[in-house]
2 protein chains.
Amino acid sequence: MDAENEQQAAPAESGGRERQAGLSRRAVIGWAGAGVALGAAAVGTVAAATMSSEDDGAAPQPSPEIPFYGENQSGISTPVQDRLHFAAFDVITDDRDALVRMLKEWTKAAASITGGREVGGGAVGVVPESPPDDTGEALGLPASRLTLTIGFGRTLFDKDGVDRFGLKAKLPEALVDLPKFKGDRLEAGRSGGDLCIQACADDPQVAVHAIRNLARIGMGVVNVRWSQLGFGKTSSTTPDSQTPRNLMGFKDGTHNIAGTDADALAKHVWVAPGDGADWMTGGSYLVARRIRMTIETWDRASLKDQEDTFGRTKIEGAPYGGQKERDAPDLAAMPADSHVRLAHPDSNGGLMILRRGYSFTDGSDGLGRLDAGLFFLAYQRDTRKAFVPLQTKLAANDKLNEYITHVGSAHFACPPGVRKPGEWWGQSLFG
Amino acid sequence: MDAENEQQAAPAESGGRERQAGLSRRAVIGWAGAGVALGAAAVGTVAAATMSSEDDGAAPQPSPEIPFYGENQSGISTPVQDRLHFAAFDVITDDRDALVRMLKEWTKAAASITGGREVGGGAVGVVPESPPDDTGEALGLPASRLTLTIGFGRTLFDKDGVDRFGLKAKLPEALVDLPKFKGDRLEAGRSGGDLCIQACADDPQVAVHAIRNLARIGMGVVNVRWSQLGFGKTSSTTPDSQTPRNLMGFKDGTHNIAGTDADALAKHVWVAPGDGADWMTGGSYLVARRIRMTIETWDRASLKDQEDTFGRTKIEGAPYGGQKERDAPDLAAMPADSHVRLAHPDSNGGLMILRRGYSFTDGSDGLGRLDAGLFFLAYQRDTRKAFVPLQTKLAANDKLNEYITHVGSAHFACPPGVRKPGEWWGQSLFG
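None of these values were measured; they are calculated from a predicted model. (Residues numbered from 1 in each chain as written. Chains lettered and ligands numbered in written order. Predicted model: local features only at pLDDT ≥ 70, side-chain atom pairs only at ≥ 80, totals over all residues. Heavy atoms only, no water.)

**Considering the interface of chain A and chain B**
To keep things clear, this is the line we draw: Throughout, a contact is declared for two residues whenever any of their heavy atoms are within 4.5 Å. Computed with a 1.4 Å rolling probe, the buried area is the accessible surface lost when two parts are put together, summed over both parts. Salt bridge, as used here: a side-chain nitrogen of Lys or Arg that lies within 4 Å of a carboxyl oxygen of Asp or Glu. The definition of a polar contact used here is a pair of N or O atoms within 3.5 Å, where within protein one atom must be able to donate a hydrogen and the other to accept one, and adjacent residues in sequence count solely through side-chain atom pairs. In this text, helices come from DSSP runs of H or I with a minimum length of four residues, and strands from runs of E with a minimum of two, each type numbered from the N-terminal end. Each residue receives one of three labels: charged for Asp, Glu, Lys and Arg, nonpolar for Ala, Val, Leu, Ile, Met, Phe, Trp, Tyr, Cys and Pro, and polar for the others, Gly being one of them.
Facing 64 residues of chain A, the contacting portion of chain B comprises 64 residues. Approximately 5100 Å² of surface area, both sides summed, lies buried where chain A meets chain B, with 61% of it carried by carbon and sulfur atoms. Among the residues chain A hides against chain B, the three largest losses belong to Arg 212, Asp 299 and Ile 315 of chain A. Together they make up 13% of the total. Run the count over chain A and chain B and you get two salt bridges. A salt bridge links Asp 299 of chain B to Arg 212 of chain A, with the nearest nitrogen and oxygen atoms 3.0 Å apart. Between chain A and chain B we count 22 residue pairs in polar contact (both at pLDDT 80 or more) in total. Breaking the side of chain A that touches chain B down by element, the ones donating at least two residues are helix H3 (25-33), strand E1 (83-91), helix H6 (204-217), strand E4 (222-230), helix H8 (295-298), helix H9 (303-310) and strand E8 (358-364) of chain A. Tallied by class, the residues present in the side of chain A that touches chain B amount to 26 nonpolar, 21 polar and 17 charged.

**Quick notes on the UniProt feature "domain: Dyp-type peroxidase C-terminal" (unreviewed entry) in chain A**
Worth spelling out the cut-off: UniProt positions are given in the numbering used here, feature names are shortened, and annotations may be inferred rather than shown by experiment.
Here the UniProt-annotated "domain: Dyp-type peroxidase C-terminal" (unreviewed entry) positions come out as residues 243-418 of chain A. The straight-line gap between the two end C-alpha atoms of residues 243-418 of chain A is 30 Å; of that span, 20% is helix and 23% is strand.

**Considerations on the packing of aromatic side chains**
Condition: To pair, rings of Phe, Tyr and Trp, with the six-membered ring standing in for Trp, must have centres within 6.5 Å; the planes then decide the type, stacked if under 30 degrees apart, edge-to-face if over 60, and tilted in the middle. Whether a residue is buried, partly exposed or exposed follows from its accessible area with a 1.4 Å probe, protein chains only, as a fraction of its type maximum: under 20%, in between, or over 50%, in that order.
Throughout the structure, instances matching the rule amount to 32 aromatic pairs over all chains. Relative to Phe 310 of chain A, the ring of Phe 250 of chain A lies with its centre 4.6 Å away and its plane at 20°, an arrangement referred to as stacked. With a gap of 60 residues between them, Phe 250 of chain A in the loop between strand E5 (232-233) and helix H7 (262-268) and Phe 310 of chain A in helix H9 connect regions that are remote in the sequence. Measuring from ring centre to ring centre gives 6.0 Å for Phe 250 of chain B and Trp 298 of chain B, while their planes differ by 75°; the resulting arrangement is edge-to-face. In this pair, Phe 250 of chain B is assigned in the loop between strand E5 (232-233) and helix H7 (262-268) and Trp 298 of chain B in helix H8 (residues 295-298), connecting sequence segments 48 residues apart. The pair Phe 250 of chain B / Trp 298 of chain B is uniform in exposure class, with both members buried.

**Overview of the environment of Gln 380 of chain B**
Residues and elements named next belong to chain B. Here Gln 380 shows up in strand E9 (residues 370-380). The exposure class of Gln 380 is buried, given its relative accessible area of 0%. C-alpha of Gln 380 to C-alpha of Ala 410: the two residues are 30 residues apart in sequence and 14 Å apart in space. Residues in contact with Gln 380, not counting those within four places in the same chain, are His 268, Val 269, Ser 284, Tyr 285, Leu 286, Val 287, Ile 353, Ala 386 and Phe 387. Reaching out from Gln 380, the side chain makes a polar contact with the backbone oxygen of Ala 378 at a distance of 3.3 Å.

Written out as structure tokens, the structure reads:
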């Protein structure tokens, strides 16, 4: 599995070539700012000069671009970016060819914007009589480590028994209808979806711009079913970085799978040959849950209650039995219903899932309270052996359930990566 | 008015003293991380050592703290921060004393958290049997240029004719009920409020933490009526910085009032003696409007239509008649219904308002579209002479109205600043 992680370490060669094929957003600004009038035909020439975002005199950013091409999709083992915009889509056509055309267009656009370029490759604004190819709100912004990750929902393969796109035979067994867990209060308008796009970036404007432009390209083929903004990451896949805090004020993502741990990724995250559904090899299954926190109740709990609920200290984040956040926990020292004890791999036969959730706050709930919580995102090799048994146990026993409610749920099969220009999202499924 | 701007240039002396009176959040982390057990009584001693956020070896941040104390509230002429959490509150008690007590507690908490310290001054977690004073999710984060700005709504003075808190005689004439403008489609659940808090910071977690902790302190006295997250600023009050783009892809805040322009602030923003309602001297009137953009329609408009709508070029942001963003516009070169032409001071007898709006994206609208737009925030010396005439004209004539709808509206009187520790928000009104 080593080769699959090279994309994180250094830009793939194909990514480098693609980058030269278009203007960076900042280069476009410099060019337009100079007042030079160029026709569309001249764009290729300017692009050949390979202006990079470092050429405009601004301070260089640390690795603002995450390579789009690779064996696995980026946005899974990639170091977790600061902000999220996640969207689930309904396919509103029965025309398989239209859907495939859209997926090809999406792929091309995704390669552009993750590289810090515009949709359409940098030719914004040269045809006054047409709508611009790109909506423009990210002009002048760097790539901001944007990743775009696509997933396919079960309803794409089989919707109420109807095989809409001839895909039913390719439905992976692992892409189960999630069972109803104890305490679930799911809202249809925040659940499900035929497709999803996870956009992660360090700048929310870049993540929102990406989803908005893909939705625009998909007009007539897909509708946005629901979307979720995440303002703060709650997990890290970089072992040496500071673990962020959730809205309960706790560090809850300490023992996550590291994006650099090829063995753990191979064992727990990437679908392997022989796992079933060959087209998913190199892919991963994504569970998304919108978890509302009743923070007003939580805030009235004593510090001891709060710490007992997690099995960690609040300020340092040390597990019971340890002094520091990353010390080994003493599970027996925790209450039997504490979150860390119940969820720890040692309590679950070594089971691990890769988490990359985000905090959300979406206005108020009409009852005088903030509508806030955790948008939980987890990747795994087989949901039946990971999220389903773990959540079944947590839903029944976790002390945390006094303070949280799952109100949205979705499950997607995220295919392997697009390896080079010309390939497209879903090619292994539709191709 | 020069003295009123010193708070932006250098930390006020009183702010410096206050800072020494508590632990910084990062110092707390270091202290707790070392495993030292300290009782509450010892906290003062540790605080006297004046640990600053620079002491923990992390890279220093550029001016992470905006002084809380000053003649004017911060968050108005302050350079616009990247992120916003705005909340409007209903007062749910008739007890004036309880309301005043809360305002005093809010003030103390605001002074702490804008200084990068915890609510309660840094004693988080020393009493296991009690709920922590601070909810904790900003532990370890710098102050992030957080500002908290309070405002009072008309209903605090007069609600359906009832003088709930003995304030009716102090209702400023300028705090009018905003008229219904042409095209308004206001939702009650996104409009009005007895109080508001504007939290601006470069880190959204810090802004959300601030609102959440104030809401918590106010439990039993206030309810959150509505709240709005803004992910990207659309205006700048710093003339030499790059103007951000709104979700239409345009730069729309170019000719804003600069936070350093004392003459313009005195003329257009700060309430002066003799303006009426003495307690508002040094304050400002805030209009908040949630403006939904029908971005799907906008995205189908040609580049020329889009540029004609604003009266600016899209990529460079140059006004018609100019080459660069900050060139003087030739208003006559723009269509008569273009936004810049209609809103420009030269078309309005020199009228200016200080804008500090933010883009929002709040999920989808149930019709397959993103619920996205601009959360417009504008400060002015007298709303009757600024926002009201300007919006009356724009609502009737602006070409932009084809693509936007005002769905939320509120109007607040933001009192002068808290000048030193011991004073409190609203003291000039209630005191």
